[in-house]
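Chains, contacts and geometry: an overview
What follows is the residue order along each chain.
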Amino acid sequence: MTRYSELYACVYAKEFPAQAMLRLRPDLRDKPFIVMEGEPPLQHVCALNRRASWLGVVRGMTRVEIDTFPAVELLSRSRKEEAATKAALLECAGGFSPRVEVRSEDYVFLCVIDIAGTEKLFGSADVLAGSLLNRIEALGITGCVTVSSNFHSAVSLAKGLSLSSRIKIIPQGEESSALASLPLTVLDLTAEQAETFSFWGISTLEMLAALPEKELIARMGQDGQRLRRLARGELPHFFQPVEPAFTLEEHMELDSPVELLDSLLFVVAVMLDQLILRAQTRILTLASIAITLSLEGGMTHTRAVRPALPTNDKQLWIKLLHLDLEAHPPCAAILSLTLQAEPGSTSKVQLGLFSPQLPDPMRLDVTLARIRAIVGEDYVGRAVLKDTHQPDRFRMEPFTVSRGSVSTAVPTQPRSALRQLRPAESISVTIQDQCPRAFVFRGRHYIVEHIYGPWLTGGGWWNATQWGLEQWDIVARAKDNILLYCCLVRDLRRACWQMAALYD
């Protein structure tokens, strides 16, 4: 296996504005499609697919000219969708090497990856190029990959590669012959340079490379020498890698305002496919998803869902988002939507050898979402005690599933049998010498035989939530000889009595 001190893979995608729109609209792939740019009535075609070009559509056509092609589907250009697509492609490239340089232009995507020394990880250059192209196509982008030991040779070849050739490898030392048949347009000439070469009859890189160097410098200066070295594949390059942040985000502008939630879920399903694919390439899962809806009138509607465990189950995410949006619907028609996902690690729960199988946490998430839609957000979860001595003071938190081993040990410490009354029941109490002597509970009159207390508790004296309680443990007997072991509580602020618990 040949090892190169320098080796570059170039990823090139033409008609990028159109491809960014088609990535989340697979139903338009088999139709003539164009992207319009500009403000009405000065709109013009900035990108198109192959089927539209077959009909005779070219870039730069106005809206009036496009109206003569009734079969062509058209959309307005979306910079946000292009930014999301570009981020996805850079994440894909970063999976093969951390050194990625971006050379994109307005209507094309182009990046170069430094793949020197990656043979043991991804195989030879042709194997890596095939894997890279498959990853790109999985994102819904049609492009090509070229590999060369010279940076500029890989870029020039990618720009001049035909659609029938998706992968091209230039052996080291054969850059000049590989670039010979390419047109001069791959060098990004200025208008003055293009006019000069046209007067000279120079149309290919082979013809430019054959020009004598000294005479070319005398007529065009140092730019002439640089262009000649580009044509020969000899110009060195100082690599300038970028470090894009890893963000799982997808954005889509809707073709028309959407009011029905079911119609919106079709779009969400396509966007979830892309988020899950991007997470899986990094061996990650989706821990939470936030959906932001842009509404008519300039308003936005944001909701977020977080299951008990991170997952890449698309149907689960669709169901959770559906239930959440049904419980909290937007107040106007939807113009665009954005999905932002928080990555998480894959979840594994280690069970003991004889431990019972736990229920599927994903089914629990859907069940809880349905319950929330009925009773409300603040009434579903697990109760967590607050840092206070006030009885029955707790907050609701989302359910969580432990990621460690499941303990099956049974506590051996004895516990008192107590039936807590929630809510506590109001009772009528007879007081003598500041102590309860009799009370009426559930229509029955009781005489106190033994009394223990009182135990005073209080708190919140520093703010408006001040509270104070007086608790008594009592043994009482009714007329029919029924004994009752109970706990009476008096609210010192409201001067009322309640039955808080019964002892068995």
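Our structure's up above, just so we're on the same page.
Below you will find a few notes about this structure.

Moving on, we come to the layout of surface pockets. The calculated volume of the largest pocket comes to roughly 880 Å³. Secondary-structure elements contributing two or more residues to the lining of the largest pocket are β13 (382–385), β15 (418–426), β19 (467–478), β20 (483–491) and β21 (496–503). For the lining of the largest pocket, the element with the most residues is β15, which contributes six residues. Among the residues making up the lining of the largest pocket, the classes are represented as 16 nonpolar, 10 polar and seven charged.

Turning to unusual backbone geometry, a few remarks are in order. It is generally the case that most residues other than glycine have a negative phi and that most peptide bonds are trans. Following P40, the chain continues to P41 via a peptide bond in cis, the omega torsion being 0°. Inspection of the secondary structure assignment puts P41 in the loop between β2 (33–37) and β3 (44–48). In this structure, the amide linkage connecting R422 to the following residue, P423, adopts the cis form with an omega of 0°. One non-glycine residue, D188, adopts positive backbone phi at about 55°. Looking at where D188 falls in the secondary structure, it is placed in the loop between α8 (175–179) and α9 (191–200). Here N481, not a glycine, exhibits a phi torsion of approximately 70°, which is positive. Of note, N481 is situated in the loop between β19 and β20.

With 33 residues, the main nonpolar core has L286, I289 and L337 as its most contacted residues. When contributions to this core are tallied by element, the ones reaching two or more residues are β9 (248–258), α13 (261–280), β10 (285–295), α14 (314–327), β12 (334–344) and α15 (361–375). Counting 32 residues, the second largest nonpolar core, distinct from the first, contains C144, L182, L205 and L211.

In this structure, I289 sits in strand β10. Separated by 52 residues in the primary sequence, I289 and A341 place their C-alpha atoms 4.4 Å from one another. Discounting chain neighbours no more than four positions away, the residues touching I289 are L272, R303, A304, V305, W317, L321, L339, Q340 and A341.

Scanning the model with the defined rule gives 26 salt bridges in all. When the shortest N-O distance is used, the salt bridge between E82 and R77 registers 2.6 Å. Residue class for R77 comes out buried when judged on its relative accessible area of 14%. One salt-bridge network, in which partners are shared between bridges, spans E37, R77, R79, E82 and D106.

Right, let's talk about the side chain of Q274 for a bit. Its location among the elements puts Q274 in helix α13. In terms of polar contacts, Q274 uses its side chain to reach the side chain of R23, at 3.0 Å. If near-sequence neighbours (up to four positions away) are discounted, Q274 is found in contact with R23, L24, A138, L139 and E250.

Once that is clear, we can look at the sheet that holds β9. Read from one edge to the other, the open sheet built from four strands follows the order β9-β12-β10-β11, with strand pairing classed as antiparallel. This sheet does not close on itself; its edge strands, each paired only once, are β9 and β11 (300–305). Looking at each pair of strands side by side, their axes are set apart by 15° on average, direction ignored. Bridging between β10 and β12 involves 10 bridges; their strand directions are antiparallel. Bridge pairing links I291 to L339 in β12.

Applying the stated criterion across every chain, the model contains seven aromatic pairs. Centroid distance F151 to F239: 6.0 Å. Interplanar angle 80°. Geometry classified as edge-to-face. Highlighted residues: F151 in helix α7 (residues 151–160) and F239 in the loop between α12 (222–232) and β9, separated in sequence by 88 residues. What makes F239 buried here is its relative accessible area of 8%.

Now for the packing of helix α11 (residues 213–220) against α12. At a minimum axis separation of 6 Å, α11 and α12 run at an interaxial angle of 135°. Between α11 and α12, the angle falls in the class oblique. Of α12, the residues touching α11 (which contributes E213, L216, I217 and M220) are Q222, D223, G224, Q225, L227 and R228.

Further remarks concern the side chain of S336. Within the secondary structure, S336 is located in strand β12. Relative accessible area serves as the criterion here: at 5%, S336 is assigned to the buried category. Setting aside its immediate chain neighbours within four residues, S336 contacts H251, M252, E253, L254, T292, L293 and S294.

Now for the pairing of strand β17 (residues 435–441). Working note: regular strand, side chains alternate between the two faces of the sheet. Buried residues dominate β17, accounting for five of its seven residues. Hairpin connection, strand β16 (residues 428–432) to β17: the antiparallel pair is bridged by two residues, and D433 has positive phi, about 55°. Bridge count between β17 and strand β18 (residues 444–459): four bridges; the pairing is antiparallel. Each bridged residue has a counterpart across the sheet, and for A438 the counterpart in β18 is I447. Connecting the antiparallel pair β17 and β18 is a turn made up of two residues, with R442 showing a positive phi of about 55°.

This next bit is on helix α6 (residues 125–138). Over its 14 residues, α6 extends 20 Å from the first C-alpha to the last, a length consistent with the 20 Å expected when each residue adds 1.5 Å. Residues A125, L128, A129, G130, L132, L133 and I136 constitute the buried set of α6. In the stretch just after α6, G140 is the one whose phi turns positive, near 90°.

Running from N to C, α9 and α11 point in directions that differ by 130°, and their axes come no closer than 13 Å. Between α9 and α11, the interaxial angle falls into the category oblique. For the element pair α9 and α11, the recorded crossing hand is right-handed. Judged by residue contacts, Q193, F197 and W200 of α9 engage L216, R219 and M220 from α11. Residues that form the contact of α9 with α11 fall into these classes: four nonpolar, one polar and one charged.

Conventions adopted
- Residues numbered from 1 in each chain as written.
- Predicted model: local features only at pLDDT ≥ 70, side-chain atom pairs only at ≥ 80, totals over all residues.
- Heavy atoms only, no water.
- 1 Å grid on protein atoms, 1.4 Å probe; cavity = no way out; pocket = protein on both sides within 12 Å on 5 of 7 lines; lining within 4 Å.
- Points joined across faces, edges and corners; volume = space filled by probe spheres on them.
- Helix = DSSP H or I, 4+ residues; strand = E, 2+ residues; numbered from the N terminus.
- Nonpolar A, V, L, I, M, F, W, Y, C, P; charged D, E, K, R; others polar.
- Core = buried A, V, L, I, M, F, W, Y, C linked by side-chain atoms within 4.5 Å.
- Buried < 20%, exposed > 50% of the residue type's maximum accessible area, 1.4 Å probe, protein only.
- Contact = heavy atoms within 4.5 Å.
- Salt bridge = Lys/Arg side-chain N within 4 Å of Asp/Glu carboxyl O.
- Polar contact = N/O pair within 3.5 Å; in protein donor to acceptor, adjacent residues only side chain to side chain.
- Pairing = 2+ DSSP bridges.
- Axes fitted to C-alpha atoms, helices over the stretch in contact; angles between N-to-C directions.
- Phe/Tyr/Trp six-rings, centres within 6.5 Å; stacked < 30°, edge-to-face > 60°.
- Parallel < 35°, antiparallel > 145°, perpendicular 65-115°, else oblique.
- Expected span 1.5 Å × (residues − 1).
- Left-handed = near helix turned anticlockwise from the far one by under 90°.

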